[in-house]
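Structural characterization, general
Listed here are the chains, written in short residue letters.
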Protein chains: 2
Amino acid sequence: MQLILLSGGSGKRLWPLSNDARSKQFLQLLKSPDGTMESMVQRVVRQIREADITRNITIATNAKQRDVIENQLGENVGVVTEPERRDTFPAIALASEYLKMEKGCPDDEIVVVMPCDPYTEAGYFESIGKMVQAVEQNAAELVLMGIKPTYASPKYGYIVPDSPIHRFTDSPLNVSRFTEKPTIAEAEKLLKQNACWNGGVFAFRLGYMTAIAEKYVTAGCFKELQRKYSEFPKISFDYEVAEKANSVAMVPYNGAWKDLGTWNTLTEELPSNIIGNGILGNKCYNTHIINELGAPIFCDGLKDVVVSAGPDGILVCAKNTSETIKDYVDKLIDRPMYEERRWGTYQVLNSQDFGDGFKALTKTITLKKGKNISYQIHHHRSEVWTFVDGEGIFVLDGKMQRVRRGDVVNIPAEHFHAVKALTNLTFIEVQQGGPLVEDDIERFEFDWSRVKL
Amino acid sequence: MQLILLSGGSGKRLWPLSNDARSKQFLQLLKSPDGTMESMVQRVVRQIREADITRNITIATNAKQRDVIENQLGENVGVVTEPERRDTFPAIALASEYLKMEKGCPDDEIVVVMPCDPYTEAGYFESIGKMVQAVEQNAAELVLMGIKPTYASPKYGYIVPDSPIHRFTDSPLNVSRFTEKPTIAEAEKLLKQNACWNGGVFAFRLGYMTAIAEKYVTAGCFKELQRKYSEFPKISFDYEVAEKANSVAMVPYNGAWKDLGTWNTLTEELPSNIIGNGILGNKCYNTHIINELGAPIFCDGLKDVVVSAGPDGILVCAKNTSETIKDYVDKLIDRPMYEERRWGTYQVLNSQDFGDGFKALTKTITLKKGKNISYQIHHHRSEVWTFVDGEGIFVLDGKMQRVRRGDVVNIPAEHFHAVKALTNLTFIEVQQGGPLVEDDIERFEFDWSRVKL
């Protein structure tokens, strides 16, 4: 059995902590059972493993998230990257073809697709087990999870079972139809028909899905298919697959199910009212501080407010209006000030514009032991690196030198350079030039096996 | 005629923008008539000059504020620094002796003492003119300004005239007594007796004050007096001088008079709801953003809230509880993250602790054209300076070199160094070592006239 986790999202609603390179599912704000902090995606993967559903996890995502997934989940999960953002049908089609072409899974392999970030409890994963059983027993071509609604919400899609039953059950039910985002009045009627919310969890046999995918795109190998990705129609899995299926069954789930995608819902699940450096005065009620900066935050006289600060900015919002941030965030984002990469992390400390086309940008950069930054040149900037912790190998125009705490290297524009961390390695980078943009970078191959010290 | 401005205060109530080195009176948040931003002390000095009261201004302050005063007011004001913080009587005594011994003012010179930061209008300075007249006409030994009360406040000292009069006047009245911080019921009675608030503005002849000072401390020169400063009793001018005077008169002032010493009162006078990089969503009411950081602040769903962010931290407070910050600020202050110095400014960008007694601290430093940092050594830290704008002369162990944008210098611990700015000069400093404290510094003389390039 194979499990596909869909990881997308721009994370606008959790600004300033989330950005294009760090969507909400990667924020490490939840408490794991061992007391450390974990992200939503780390929590889901831990729950999957605890429920012993499968070890075969593949994450379908975009290229920008690849590094942070590798950092947070290690190398025990497969990663399929979409060449561009389209919709859920193309993403699931691509991941299914990956299972077939790259992992060699047979047509009758059972596949479960689920979002990477629902906040749920153990029963959710038991329901996934029942979905797998239902596919095994050929209950339907497609099996969905139905979330027992708690109110007549107009925001969700509904799955309507074919016969109104009067007791909530957890056995598979046949599905008669789908209704996307009804009015509240319609939703109330749907609830009387025992309709459930569509939680975006699907189970099917691999061959069923690849047959649909191959109606649009065929290829001799996975790399070729990936190149042809734009030929898939931009359409959701619900419209392209679920609504057209000959037989659909639903396994109901009646338990905690939350989307922690806004500050309002996320703060309800935080382990403490203060994360990071902060103080709440004694006239604060139901107020949360989430502070990723070094400097402290002080709050007083606030009720139902969330204060969140990170390198990208500071949010201060009444919890019930925190969703409005998504309408403003495009005005607030300049460039990411913090990124988690395959090799480690960087944070922008300061940016100075001298008005003559010349700028300076100061970063702190930490490489993880054994990782390296690629051999590269910049055309429009010089860099000075001051090493402040750890040891590494620095390369400038092919010449290698050992660097450690206290060393300084000067990298003029147009010079080839790279660094590899022998231990965790931290340095301060001062970039100078103009324009100073992340993509003023040209990467080259470098053979680290040549390194002999 | 001589004017003494008293500049003290720790600035706790306006955290995070104020700190020990930058009290509230130096925050440049008010709009001057020419459209630029000015601080409270710059506003008062501008008003004194506009009212043409005197050109002879002396500021009595502590050593920590000397640099910022010179930066904001230039060299056209005298500065007397107290060797330690005591109270208003010692401060005024010291400044008076300075006028006598250093400036050579005669005993019959008229002196006005006032706070450096009241937020008032032109009439206030007209009243000061009337106080000077009253002393000239020998109306009393000591003339005070009485602020017409707007309500029965228990927070102020009251000046009670000797006969209850029934119409508010601006002629000098004889004073019968003082009452410090009465109950509200007592204050209501005082208002019926035409009592005024004591605004801390005093006028007298210099010889009157120096005679009182010399009861406690005498010295052959001002430097000696300054060394003996701790011999002055820790007592306020009101108790030591005003309450013991044989004759006291009061000039009433009936006009705007505010202490912009809390975020609540300060925000009422700001030229805009947003100072710095910020956005207020359309569900904000009477909310202010004051942002000295580069990254943006977004607020929504807030009413009567002030959000203030600077290198030292972030405050989010209901305006009517903003005074509580003073009770928390000692827990929040670590070291100043921004300082205005005689030679320019610095800001701490980042501080890293590697857990082995070793730390790194990154600063951006800007020297003003023509200014220099003193010739110095550090015992426990090395420094790397990357110059990012301007030109200067850098000295290391007596050897001079010209530095400009793009240059990097490495300063090991125990090595002598200094820098002088030929134009405005900006560099990024990475300090490394342990402990990293501002006072790991030993200063030496350096003869800049030797510099020949």
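A quick note: this is a predicted structure, and the numbers were derived from the prediction, not measured.

Attention shifts here to the overall build of chain A. Per the secondary structure count, chain A includes 10 helices and 30 strands. Its C-alpha atoms give chain A a radius of gyration of 25 Å, within 12% of the compact-globule value 22 Å for 453 residues. Reported as C-alpha extents along the three principal axes, the dimensions of chain A are approximately 75 × 65 × 40 Å. By the burial criterion, 56% of the 453 residues in chain A qualify as buried. Of the contacts made within chain A by residues no fewer than 6 positions apart, 66% connect residues no fewer than 24 positions apart. For chain A, the accessible area works out to roughly 18,800 Å², and carbon and sulfur atoms hold 46% of it. The average position of the 53 basic charges and that of the 60 acidic charges among the side chains of chain A differ by 2 Å.

The tally for this structure, following the rule as stated, stands at 42 salt bridges over all chains. We note a salt bridge from Arg 405 of chain B to Asp 356 of chain A, for which the minimum N-O separation is 3.0 Å. Remark: Asp 356 of chain A occurs in the loop between strand E21 (344-353) and strand E22 (359-367) and Arg 405 of chain B occurs in the loop between strand E26 (399-404) and strand E27 (408-411); the pair is interchain, linking two chains. For Arg 405 of chain B, a relative accessible area of 23% corresponds to the partly exposed category. The class for Asp 356 of chain A is partly exposed, based on a relative accessible area of 48%. Glu 383 of chain B serves as the salt-bridge partner of Arg 381 of chain B, at 2.8 Å between the closest nitrogen and oxygen. Taking relative accessible area as the criterion, Glu 383 of chain B reaches 2% and is therefore assigned buried. Within this structure, Lys 24, Asp 117 and Asp 259 of chain A form a network of salt bridges that share partners.

Here we come to the sheet that holds strand E16 (residues 288-291) of chain A. Strands sit in the order E14(A)-E16(A)-E18(A)-E19(A)-E17(B)-E15(B) across an open sheet of six strands; the sheet is mixed. Single-partner strands in this sheet number two, and they are strand E14 (274-275) of chain A together with strand E15 (278-280) of chain B. Relative to strand E17 (residues 297-300) of chain B, strand E19 (residues 313-318) of chain A is paired through four bridges, and the arrangement is parallel. Residue Leu 315 of chain A lies in a different strand from E17 of chain B, and its bridge partner there is Phe 298 of chain B. Of the strands in this sheet, E19 of chain A together with E15 and E17 of chain B touch helix H10 (residues 325-332) of chain A, which is tilted by about 160° from E17 of chain B.

Below, the discussion takes up the interface of chain B and chain A. If you look at the interface, chain B gives 53 residues, while chain A gives 53 residues. Sorting the residues of chain B by area buried against chain A places Phe 298, Ile 314 and Val 316 of chain B first, and these three jointly supply 17% of that buried surface. At the junction of chain B and chain A, the tally comes to two salt bridges. Scanning the region where chain B abuts chain A turns up 20 residue pairs in polar contact (both at pLDDT 80 or more). Considering every element that reaches the side of chain B that touches chain A, the biggest residue donor is strand E19 (residues 313-318) of chain B, with six residues. For the side of chain B that touches chain A, the class distribution of residues is 31 nonpolar, 15 polar and seven charged.

Per the stated rule, a full pass over the model turns up 44 aromatic pairs over all chains. When the ring of Trp 385 of chain A is compared with that of Phe 394 of chain A, the centres are 5.5 Å apart and the planes differ by 70°; the resulting orientation is edge-to-face. According to the relative accessible area criterion, Trp 385 of chain A is buried, its value standing at 2%. Taking 4.8 Å as the distance between ring centres and 40° as the angle between the ring planes, the aromatic pair formed by Tyr 375 of chain B and Phe 446 of chain B counts as tilted.

A few words now on the pairing of strand E17 (residues 297-300) of chain A. Residues and elements named next belong to chain A. Neither face of E17 is open: one carries Ile 297 and Cys 299, the other Phe 298 and Asp 300, and all of them are buried. Taken together, the three bridges between strand E15 (residues 278-280) and E17 define a ladder with parallel strand orientation. Considered in E17, the bridge of Gly 278 is made with Ile 297.

Residues and elements named next belong to chain A. Note the cis peptide between Gly 434 and Pro 435, where omega equals -10°. Relative to the helices and strands, Pro 435 resides in the loop between strand E29 (425-433) and strand E30 (442-444). Phi angles above zero are rare outside glycine, and Asp 52 is one such case at about 55°. Relative to the helices and strands, Asp 52 is located in the loop between helix H1 (40-50) and strand E4 (57-62).

Residue and element names in this part refer to chain A. Reading across the sheet, the five strands line up as E26-E25-E28-E23-E30 and stay open at both edges, with antiparallel pairing between neighbours. Each edge of the open sheet is held by one strand with a lone partner, namely strand E26 (399-404) and E30. Strand-to-strand twist in this sheet, taken as the mean axis angle between neighbours without regard to direction, amounts to 30°. In terms of strand pairing, strand E25 (residues 391-396) meets E26 through six bridges, oriented antiparallel. Bridge pairing in E26 links Glu 391 to Arg 404.

Once that is clear, we can look at the relation of the copies chain B and chain A. Between the two copies, chain B and chain A, the superposition gives an RMSD of 0.1 Å; the rotation angle is 180° and the shift along the axis is 0.0 Å. What the superposition gives is, in effect, a two-fold axis relating one chain to the other. Ranked by how close their C-alpha atoms come to the rotation axis, the residues of chain B are headed by Leu 349 of chain B, at 2.9 Å. Of all interface residues in chain B, 100% are interface residues in chain A too; the two copies therefore contact each other through one and the same surface.

Residue and element names in this part refer to chain A. Running from amino to carboxyl end, helix H3 (residues 88-101) crosses helix H6 (residues 206-213) at an angle of 120°, the nearest separation of the two axes being 9 Å. When the interaxial angle is binned, H3 and H6 end up oblique. Crossing hand, H3 versus H6: left-handed. Judged by residue contacts, Phe 89, Ile 92, Ala 93, Ser 96, Glu 97, Leu 99 and Lys 100 of H3 engage Leu 206, Met 209, Thr 210, Ile 212 and Ala 213 from H6. The residue inventory of the contact of H3 with H6, partitioned by class, reads eight nonpolar, two polar and two charged.

A few words on H10 of chain A. All of the buried residues along H10 of chain A are Ile 325, Tyr 328, Val 329 and Leu 332 of chain A. In a view along the axis of H10 of chain A, the buried residues occupy a sector of 125°, so they form one face of it. In H10 of chain A, those exposed residues whose orientation departs by more than 90 degrees from the buried face are Asp 327, Asp 330 and Lys 331 of chain A. The elements touched by buried residues of H10 of chain A are E19 of chain A together with E15 and E17 of chain B.

A separate point is the environment of Asn 286 of chain B. All names here are of chain B. Position of Asn 286 relative to the elements: it lies in the loop between E15 and strand E16 (288-291). Looking at Asn 286, the relative accessible area reads 44%, which means it is partly exposed. For the pair Asn 286 and Thr 267, spaced 19 residues apart in sequence, the C-alpha to C-alpha distance is 9.5 Å. Excluding anything up to four places from it in sequence, Asn 286 contacts Asp 304, Val 305 and Lys 319. Among the polar contacts made by the side chain of Asn 286, one reaches the side chain of Asp 304 at a distance of 2.7 Å.

All names here are of chain A. Residue placement: Ser 32 occurs in the loop between strand E2 (30-31) and strand E3 (37-38). On the accessibility criterion, Ser 32 (8% relative accessible area) is buried. Once residues within four sequence positions are removed from consideration, Ser 32 is found in contact with Glu 38 and Arg 46.

Calculation notes
- Residues numbered from 1 in each chain as written.
- Chains lettered and ligands numbered in written order.
- Predicted model: local features only at pLDDT ≥ 70, side-chain atom pairs only at ≥ 80, totals over all residues.
- Heavy atoms only, no water.
- Helix = DSSP H or I, 4+ residues; strand = E, 2+ residues; numbered from the N terminus.
- Rg over C-alpha atoms; globule rule 2.2 N^0.38 Å.
- Buried < 20%, exposed > 50% of the residue type's maximum accessible area, 1.4 Å probe, protein only.
- Contact = heavy atoms within 4.5 Å.
- Areas by Shrake-Rupley, 256 points an atom, 1.4 Å probe, with all protein chains shown as cover.
- Lys, Arg positive; Asp, Glu negative; His and termini not counted.
- Charge placed at Lys NZ, Arg CZ, Asp CG, Glu CD.
- Salt bridge = Lys/Arg side-chain N within 4 Å of Asp/Glu carboxyl O.
- Pairing = 2+ DSSP bridges.
- Axes fitted to C-alpha atoms, helices over the stretch in contact; angles between N-to-C directions.
- Buried area = accessible area lost by both parts, 1.4 Å probe.
- Polar contact = N/O pair within 3.5 Å; in protein donor to acceptor, adjacent residues only side chain to side chain.
- Nonpolar A, V, L, I, M, F, W, Y, C, P; charged D, E, K, R; others polar.
- Phe/Tyr/Trp six-rings, centres within 6.5 Å; stacked < 30°, edge-to-face > 60°.
- Least-squares fit on C-alpha atoms with pLDDT ≥ 70 in both.
- Parallel < 35°, antiparallel > 145°, perpendicular 65-115°, else oblique.
- Left-handed = near helix turned anticlockwise from the far one by under 90°.
- Arc of directions from axis to C-beta.

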